[in-house]
Amino acid sequence: MTRSAVKPADDGKGAYWSKPVGELFTALGSRPEGLSSGEAAARLASDGPNRIGERRGGTMLGTFVRQFRSSLVLILIFAAIVSAFVGEGSEAAIIGLIVLASCTLGFTQEYSASKAMQALAGRISRKATVLRDGTEVPVPAETIVPGDVVRLSAGNLVPADGVLMEARDFNVSEAALTGETYPVVKSPGLSPPQAQIARRTNAVFTGTSVRSGTATVLVTRTGGHTEYAGIAAAIARSTPETEFARGIRRFGYLMTEIMLVIVLLVFAANLLLHRPLIDSLLFSLALAVGLTPELLPAIISVTLAHGARAMATGGVIVRRLDAIENLGSMDLLCTDKTGTLTEGVIRLDGCKGADGADSADVRLWAILNATLQSGMANPLDEAIGAAKDDADPLSDWEKVDEIPYDFVRKRLSVVVRRKGTAEDLMICKGAVGNVLEACSSVYDGKAEMPFDAARRAAIDDRVRAWSSQGCRVLGLAVRRFPGRSQSEKASYGRESEAEMCFAGFLLFLDPPKAGMAETLKALRERGIAVKVVTGDNRYVAVHLAETVGLGHGNVLTGEELAGMTKEALFGRAPQTDLFVEIDPNQKERIIEALRRRGHVVGYLGDGINDAPALHEADIGISVDGAVDVAREAADMILLKRDLGVLLRGVDDGRRTFANTMKYVSVTTSANFGNMVSMAFASLALPFLPMLAPQILLNNLLSSLPSLAVAGDRVDPEQIERPRRWDIGSIRRFMIRFGLISSLFDFVTFGFLLLVMHAAADAFRTGWFVESLLTQLAIVLVVRTRRSFWKSRPGALLGWLTLAVAVLALLIPYLPGSGWFGFVPLSAATMTGLVAITLLYLGASEATKRRFFSRADRAPAD
């Protein structure tokens, strides 16, 4: 059988899950120790990367072609075709050049943003542990090939389809494929050839996640041949629409409605006035294009990408660009305490017997348990391992078996045997309450005593006292078994964790991070409240909250939460400071309740069971060292688990949002005003107030400075509070400032017609200059809430604005200006136009102050 025999199929011949592992090794040309590096490289070249679909971003040509799919660009192309068809070749050429220039601008911005995001994504690429050349090595998940042997443990995302070679207490969440909520137990063996996905208990699949246990898997299918790829279109979980994306969509609807009304009215009115059909059509289409900020997609892409690069420099990698706005809008952050509020460098502070005295036995047993377990690495085991020294007689012991940790039992057991003896010792450690559930006796330092209510109360008192001092406390218990033969080792299981003897306590310290109180204060000053959601007991959480200055007056335990209805939690959650002793599956309920109360909620998590809460939150945040499931569920990754890094990310997110809204505000108000003016002028004047190519050129030149908005300076007060998209405010802004613009356009009309007695071409040239100058002036005014002379724009924005303003004044006199229908203007005319622009600048500044003063007092729509 050749390797190609194992291929996607639904019949028994291709049902790899029904074949013995040995047969699959032969078919795949592999072996238990895995492939060699050379074999893996050759298969990667022939089979392709382990990736479903093409990487987002596309090719350079694809990005360029995509620019021409815009409805606005198609309108312009239609206008050019109509012009060419009726013999207006020069006008068609001018429109074509403007289309090409606009699309080239959009392409350069979008493509550079796409490449930048791909580079950032590469910094957080997912890895998997495989056997190559007989050695375990981490490799990018995309380089896994059929025949690879992969090691899996709790928290891993399964990187490819395959069959189990061996497994230990292995539970997999297959909700992404089957919709089944509860984890499925997996074990080596054979499944029927016609078994559906949920019945293939010996196989694992791409896109599923490991909840507990360990396993070794032989990869059979990768990339587009996996089960996930086969049904991806049907089961793909759509990403919830962010508030920013929803705002863009509603903004598009607003622009479309206004555009249709103005265009249809102007076109019909010009026909009624017996204007030429083609000129009227081109003029109406140019109005449609002129009203709409056609560079908005490119501006948003480059602004968000600029923000993502700035955040990456500060230690935050963005996985979803549109999540940047949500980070800036966040007003509530939920987080665990370990590694976030604390140093995250946990140390073992004491090993106590059940009587509270130091115990060498408890210390030895804890070290054996922590160093011999082979499941998911965790900081507590690392702290125990760091406490061992050369004097510890670890070499006298050998591992017999293991019962891995899971989130139901909340404990981990390792079975060991002292060399030369025939007795097995089970060492169990975990949350004190969960360990006690498996105990029937207590070792008081001298002998085993029955576990009664009095001894349970004494244990609870000790745990409470240590916790109130900031210690995290684990329990440890032991049980002795007669030695078992090699063939009987597998009989140790969860049922063996019974009738144990409680041996003592392990005390851990994780002090608060230096400067944490100041960081939390800075978050509060930016309008962000912090709530702790932790599995630790209430006493540890309250002690930490007191130390770092967090509120701790209202505490809700997991036990209390379990008895609450959805409505009760909806009322209680916002008033709660600390959520303590929380089970992982309760986190999503907490986030949902807070979001329902109108908060924009961020959730910071890195654990296996944090994925649902990360999905539920408005902004899911994880860390670089998090388990695969959490990293894939997050919108952003912190390269360092530090709220200071997140604080800088919030500031960058708010700057990004502020600059995006600058472009929207500037273009909508200026374009709306110009189009209203043009519509009225086209009806009142015996000639078109501006030719179609002039409108398009005006729109193109006025958009150039906006390309620099992404790097514009943002006033400090604009990042002090969370800001959210407010379509009602944008509508009011557009109308208010648009009408101011129209008012000064009418002043310009009067000046040109009544004072300067301008003919049609001179009128169009003069209004073109004034319209372009006022659009540039409004950029300087509305980019800040301060007086515009008190807020210096970014260097690139300032220079581009100045350059286009100079070009506007020179255009009537440049060679080739006649192609656009421009004529030279007299010095008196130009002086008058500059004076009108300065008056407009002053009126806009006064209007801005009144507008924002009222907006700060009025509720958002």
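Once a new chain begins, its residue numbering starts again from 1 and follows that chain's sequence as written. In keeping with the model being predicted, local features are shown solely for residues with a pLDDT of at least 70 and side-chain atom pairs are shown and tallied solely at 80 or more, while totals for entire chains, interfaces and linings include all residues. Neither water nor hydrogens contribute to the side-chain values; these are computed over all heavy atoms in the structure.

Draft legend 1. Molecular detail of the sheet that holds strand β18 (residues 529-533). Strand pairing follows a simple DSSP-based rule, namely that at least 2 bridges must link the two strands. The numbering of helices and of strands both runs from the N terminus, where a helix is a DSSP run of H or I of at least 4 residues and a strand a run of E of at least 2. Across the sheet, 8 strands lie side by side as β8-β23-β22-β21-β9-β18-β20-β19; this open sheet has mixed pairing. Whereas interior strands pair on both sides, the edge strands pair on one side only; in this sheet they are β8 (316-318) and β19 (555-557). When the angles between neighbouring strand axes are averaged without regard to direction, this sheet yields 20°. Sheet topology note: the strand β9 (residues 332-335)/β18 ladder contains 4 bridges and is parallel. Its bridge partner lying in β18, C334 is registered against K531. Axis lines are fitted to C-alpha atoms, over the contacting stretch for helices. Their N-to-C directions set the angle, which ranges from 0 to 180 degrees.

Draft legend 2. Representation of the environment of G535 in the model. Topologically, G535 is positioned in the loop between β18 and α17 (538-548). Sequence separation between G535 and A431 is 104 residues; the distance between their C-alpha atoms is 9.8 Å. Dropping the residues within four chain positions of it, G535 is found in contact with E581 and I582. Every residue pair with non-hydrogen atoms within 4.5 Å of one another is taken to be in contact.

Draft legend 3. Quick peek at the nonpolar core. Here the nonpolar core consists of buried residues drawn from Ala, Val, Leu, Ile, Met, Phe, Trp, Tyr and Cys, with membership extended through side-chain atoms lying within 4.5 Å. Per-residue accessibility, obtained with a 1.4 Å probe over protein chains only, is compared with the maximum for each type, and a residue is labelled buried under 20%, exposed over 50%, and partly exposed between these values. Of all hydrophobic cores here, the largest spans 63 residues; its most connected members are L327, L333, L520, M636 and L643. Once you skip the residues sitting within four places of it in the chain, M636 turns out to touch M311, V316, I317, V318, R319, A323, I324, L327, I619, G620, I621 and S622. The next biggest cluster of nonpolar side chains, apart from the first, holds 56 residues, and it includes L697, A758, I778 and L841.

Draft legend 4. Looking closely at the pattern of salt bridges. Whenever Lys or Arg places a side-chain nitrogen within 4 Å of a carboxyl oxygen from Asp or Glu, that contact is recorded as a salt bridge. Inspection of every chain in the model, using the stated rule, returns 36 salt bridges. K399 is the salt-bridge partner of E402, the closest N and O atoms lying 2.5 Å from each other. Ionic pairing is found between D761 and R764, a salt bridge with its closest N-O pair at 3.3 Å. Of the two residues, D761 and R764 both sit in helix α26 (residues 760-782), 3 residues apart, roughly one turn of that helix. Given a relative accessible area of 36%, D761 falls into the partly exposed group. Taken together, the shared-partner salt bridges connect R200, R221 and E227 into one network.

Draft legend 5. Seen up close, helix α27 (residues 795-810). By this rule, a helix spans an expected 1.5 Å times one less than how many residues it contains. The end-to-end C-alpha distance of α27 is 23 Å, a good match for the 22 Å that 16 residues give at a rise of 1.5 Å each. Residues of α27 that are buried: L797, T801, V804, A805 and A808. Angularly, the buried residues of α27 cover 105° about the axis, an arc narrow enough to put them on a single face. Every exposed residue of α27 that faces more than 90 degrees away from the buried side is listed here: A795, L796 and W799. Turning to α27, the residues buried within the fold contact α24 (692-703) and α26. To be clear, the arc concerns the directions from the helix axis to the C-beta atoms.

Draft legend 6. Just the side chain of Q586, in detail. If you trace the backbone, Q586 turns up in the loop between β20 (578-580) and α20 (587-596). Here a polar contact is recorded for every N or O atom pair within 3.5 Å, except that within protein the pair must consist of a potential hydrogen donor and a potential acceptor, and residues adjacent in sequence are included only if both atoms are side-chain atoms. Engagement of the side chain of Q586 in a polar contact is seen with the backbone oxygen of G558, the distance being 2.9 Å. For Q586, the residues in contact, after removing those within four places along its chain, are G558, L561, A562 and E581.

Draft legend 7. Structural context of helix α16 (residues 516-525). Looking at α16, one finds that the buried residues are M516, T519, L520, A522 and L523. Buried residues of α16 fall within an arc of 155° about the axis and therefore sit on the same side. Against the buried residues of α16 lie β18, α17 and α23 (643-684). At the C-terminal side of α16, G527 shows a positive phi close to 80°.

Draft legend 8. A look at the packing of aromatic side chains. To pair, rings of Phe, Tyr and Trp, with the six-membered ring standing in for Trp, must have centres within 6.5 Å; the planes then decide the type, stacked if under 30 degrees apart, edge-to-face if over 60, and tilted in the middle. Per the stated rule, a full pass over the model turns up 18 aromatic pairs. Here F733 and F852 contribute two aromatic rings whose centre-to-centre distance is 6.3 Å and whose plane-to-plane angle is 40°, an arrangement assigned as tilted. Of this pair, F733 sits in helix α25 (residues 727-755) while F852 sits in helix α28 (residues 827-857), placing them 119 residues apart in sequence. Of the two residues examined, F733 and F852, each falls in the buried class. One aromatic cluster in this structure is built from F680, F687, F746, F749, F763 and W767. The ring of W17 carries the charged tip of R200 above its face, separated from the ring centre by 3.5 Å. Looking at R597, its charged tip hangs above the ring of F570, at a distance of 5.0 Å from the centre. By the criterion adopted, a ring carries a charge over it if an Arg CZ or a Lys NZ lies within 6 Å of its centre and within 35 degrees of its normal.

Draft legend 9. Examining the confidence of the model for the protein chain more closely. Put simply, the protein chain has an average pLDDT of 82, and 85% of its residues get 70 or more. Mean pLDDT across the elements of the protein chain ranges from a minimum in helix α7 (residues 227-235), with 60, to a maximum in strand β17 (residues 500-509), with 95. How sure the predictor is of each residue is captured by pLDDT, a score from 0 to 100. Below a pLDDT of 50 lies the segment residues 233-238, which in the model reaches 4 contacts outside its immediate sequence neighbourhood of four places, other chains included.

Draft legend 10. Representation of unusual backbone geometry within the structure. In the Ramachandran plot, E499 falls in the positive-phi region, its phi being about 50° despite a non-glycine side chain. By the secondary structure assignment, E499 is in the loop between β16 (471-482) and β17. The exposure class of E499 is exposed, given its relative accessible area of 60%. Even without being glycine, E581 reaches a positive phi, approximately 55°. Residue placement: E581 occurs in the loop between β20 and α20. Given a relative accessible area of 27%, E581 falls into the partly exposed group.

Draft legend 11. Up close: the pairing of strand β3 (residues 149-153). Two strands pair when backbone bridges link them, and strand β1 (residues 127-132) and β3 are joined in this way by 3 bridges, in the antiparallel orientation. From the neighbouring strand, V130 faces β3, where its bridge partner is V150. Summarising the sheet, β3 and strand β7 (residues 209-221) pair through 5 bridges and their orientation is antiparallel. Note that in β7 the partner of L152 across the bridge is A215.

Draft legend 12. Here's a closer look at the pairing of β17. Along β17, 10 of the 10 residues are buried, which leaves the element largely enclosed by surrounding structure. Sheet analysis places strand β10 (residues 347-353) next to β17, joined by 6 bridges and oriented antiparallel. When the sheet's bridge partners are listed, C351 is paired in β17 with L506. Judged from the 3 bridges that link them, strand β14 (residues 439-443) and β17 form a sheet pairing that is parallel. Note that in β17 the partner of C439 across the bridge is M500. Sheet topology note: the β16/β17 ladder contains 8 bridges and is antiparallel. Among the inter-strand pairings, V478 is bridged to a residue of β17, identified as C501.

Draft legend 13. Summary view of the packing of α23 against α26. Orientation of α23 relative to α26, taken along the N-to-C sense of each, is 155°, at an axis distance of 9 Å. Comparing their axes, α26 and α23 come out roughly antiparallel. In this structure, the crossing between α23 and α26 has a hand that is right-handed. In contact with V666, S669, A670, N671, N674, S677 and M678 of α23, α26 contributes W767, S771, Q775, I778, V779 and V782. For the contact of α23 with α26, the class distribution of residues is 7 nonpolar, 6 polar and no charged. We call two directions roughly parallel when the angle between them is under 35 degrees, roughly antiparallel when it is over 145, roughly perpendicular when it lies between 65 and 115, and oblique otherwise. Here a crossing is called left-handed whenever its near helix is offset anticlockwise from the far helix by less than a right angle, and right-handed whenever the offset is clockwise. For this scheme, ten residues count as nonpolar: Ala, Val, Leu, Ile, Met, Phe, Trp, Tyr, Cys and Pro. Four count as charged, namely Asp, Glu, Lys and Arg, and the remainder, Gly too, count as polar.

Draft legend 14. Looking closely at the side chain of E227. Examined against the element boundaries, E227 turns out to sit in helix α7. Under the relative-accessibility criterion, E227 is labelled buried at 14%. Among the polar contacts listed, one links the side chain of E227 to the side chain of R200, at a separation of 2.9 Å. Looking at E227, its side chain comes within polar contact range of the side chain of R221, at 3.4 Å. Ignoring sequence-local partners within four residues, the contact set of E227 consists of W17, D161, I197, R200, F205 and R221.

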